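Structural description and commentary
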Amino acid sequence: MEKGRDIMAKYLEFESMTEGLENKVVQNLKFRTGNFLWKIKFNVPLDPSTVNNVNLYVTSVNLAPLRTSIRYNSMDNEIEIEPLEPYAQNESYILNITTNVASAGGKHLKEPLQVQFKIE
């Protein structure tokens, strides 16, 4: 393994997450940056009107919102969440996906999803 790859593999520390997500959340970072992009893949097409910064958002652990840009790629059923301000090193954040996110057929997520993380 290349020396650089070992550093990148430990760039994010996942502090906690909704039960069942443990094997679904992975890191694939090419560069160490505070502006990395979250990609959330769904197995069904989504209702684009439910993909917004009210239904998906990032906060600090003290619930201060982080400004983000949210895009929906309908070809891949994938949501991208990009910070508009860098994540601070050694500060914990929470990625929140609410049950208001719905499929194109109108089905909502059964439970909200959260991933608490920090940049080391």
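Look up a bit, the structure's there.
Okay, so let's go over this structure. Residue positions within a chain follow its written sequence, with the count starting from 1. In keeping with the predicted nature of the model, local features appear solely for residues at pLDDT of at least 70, side-chain atom pairs appear and are counted solely at 80 or more, and the whole-chain, interface and lining totals rest on all residues. Values shown for side chains rest on all heavy atoms present in the structure; no hydrogens or waters enter the calculation.

**Structural notes on the overall build of the chain**
- Under the scheme used here, helices are H or I runs from DSSP no shorter than 4 residues and strands are E runs no shorter than 2 residues, and both carry numbers assigned from the N terminus. For the chain, the count of helices and strands is one helix and eight strands.
- Secondary structure elements in the chain, listed N-terminal to C-terminal, are α-β-β-β-β-β-β-β-β.
- Split into buried and exposed, the 120 residues of the chain put 37% on the buried side.
- Shrake-Rupley sampling with a 1.4 Å probe provides the accessible areas, and residues are treated as covered by the protein chains on show and by no other component. When the accessible surface of the chain is split by element, carbon and sulfur atoms take 50% of a total near 7,700 Å². For every residue, the accessible area obtained with a 1.4 Å probe (protein chains only) is divided by the maximum for its type, and the residue is called buried under 20%, exposed over 50%, and partly exposed between those limits.

**Quick notes on the side chain of Thr 68**
- Position of Thr 68 among the secondary structure elements: in strand S5 (residues 68–73).
- According to the relative accessible area criterion, Thr 68 is buried, its value standing at 12%.
- Apart from residues no more than four positions distant in its own chain, Thr 68 is found in contact with Val 58, Ile 81, Glu 82, Pro 83 and Leu 84. Contacts: residue pairs with any heavy atoms within 4.5 Å of one another.

**Some points on the pairing of strand S8 (residues 113–119)**
- Of all the seven residues making up S8, five are buried; the element is thus mostly covered by neighbouring parts of the structure.
- Should DSSP find at least two bridges between two strands, the strands are taken to pair. As paired elements, strand S7 (residues 92–97) and S8 share six bridges and run antiparallel to each other. Residue pairing across strands places Leu 95 opposite Val 115, the latter belonging to S8.

**Considerations on the nonpolar core**
- Remark: nonpolar core denotes a set of buried residues (Ala, Val, Leu, Ile, Met, Phe, Trp, Tyr, Cys) joined through side-chain atoms within 4.5 Å. Ranked by size, the top nonpolar core spans 21 residues in total, and within it Leu 56, Ile 79, Ile 81 and Tyr 87 carry the most contacts.
- Elements that contribute at least two residues to this core include exactly strand S2 (38–41), strand S3 (56–60), strand S6 (78–83), S7 and S8.
- If you tally residues by element for this core, the top one is S8, at four residues.

**Here we look at the side chain of Asn 55**
- Along the chain, the position of Asn 55 falls in the loop between S2 and S3.
- A polar side-chain atom of Asn 55 sits 2.8 Å from the main-chain carbonyl oxygen of Thr 50.
- Those residues in contact with Asn 55, other than ones at most four positions away along the chain, are Thr 50, Asn 96, Ile 97, Thr 98, Asn 100 and Val 101. Two N or O atoms form a polar contact when they lie within 3.5 Å of each other; inside protein one atom must be a possible hydrogen donor and the other a possible acceptor, and for residues adjacent in sequence the pair counts only when both atoms belong to side chains.

**Points about the sheet that holds S2**
- The antiparallel open sheet is built from three strands, whose spatial order is S2-S6-S5. For this open sheet the edge positions go to S2 and S5, each flanked by a neighbour on one side alone. Along the sheet, successive strands turn relative to each other by an average axial angle of 15°, direction set aside. Angles shown run from 0 to 180 degrees and are taken between the N-to-C directions of axes, each axis being a line fitted to C-alpha atoms and, for helices, limited to the stretch in contact.

**Some words on the packing of aromatic side chains**
- For Phe, Tyr and Trp, rings pair up if their centres lie within 6.5 Å, where Trp contributes its six-membered ring, and each pair is then called stacked (planes under 30 degrees apart), edge-to-face (over 60) or tilted (otherwise). Applying the stated rule across the entire model yields four aromatic pairs.
- Judged by centre distance (5.3 Å) and plane angle (85°), the ring pair of Tyr 87 and Phe 117 falls under edge-to-face. Of the two residues, Tyr 87 is situated in the loop between S6 and S7 and Phe 117 in strand S8; the sequence distance between them amounts to 30 residues. Taken individually, Tyr 87 and Phe 117 each receive the classification buried, so the pair is uniform in this respect.
- Three or more aromatic residues joined by ring pairs form one cluster here, namely Trp 38, Tyr 87, Tyr 93 and Phe 117.

**Considering the pattern of salt bridges**
- Between Lys or Arg on one side and Asp or Glu on the other, a salt bridge is scored when a side-chain nitrogen of the former is within 4 Å of a carboxyl oxygen of the latter. On inspection of all chains with the given rule, the structure shows three salt bridges.
- For Glu 85, the salt bridge is made with Arg 67, and the minimal N-O distance between the two is 3.5 Å. Placement of the pair is Glu 85 in the loop between S6 and S7 and Arg 67 in the loop between strand S4 (65–66) and S5, with a sequence separation of 18 residues.
- Residue Glu 82 pairs with Arg 71 through a salt bridge whose shortest N-O separation is 3.1 Å. Placement of Glu 82 in strand S6 and of Arg 71 in strand S5 is noted, with a sequence separation of 11 residues between them.
- Residue class for Arg 71 comes out partly exposed when judged on its relative accessible area of 33%.
- Through salt bridges with shared partners, one network takes in Arg 71, Glu 80 and Glu 82.

By themselves these figures say nothing about function.
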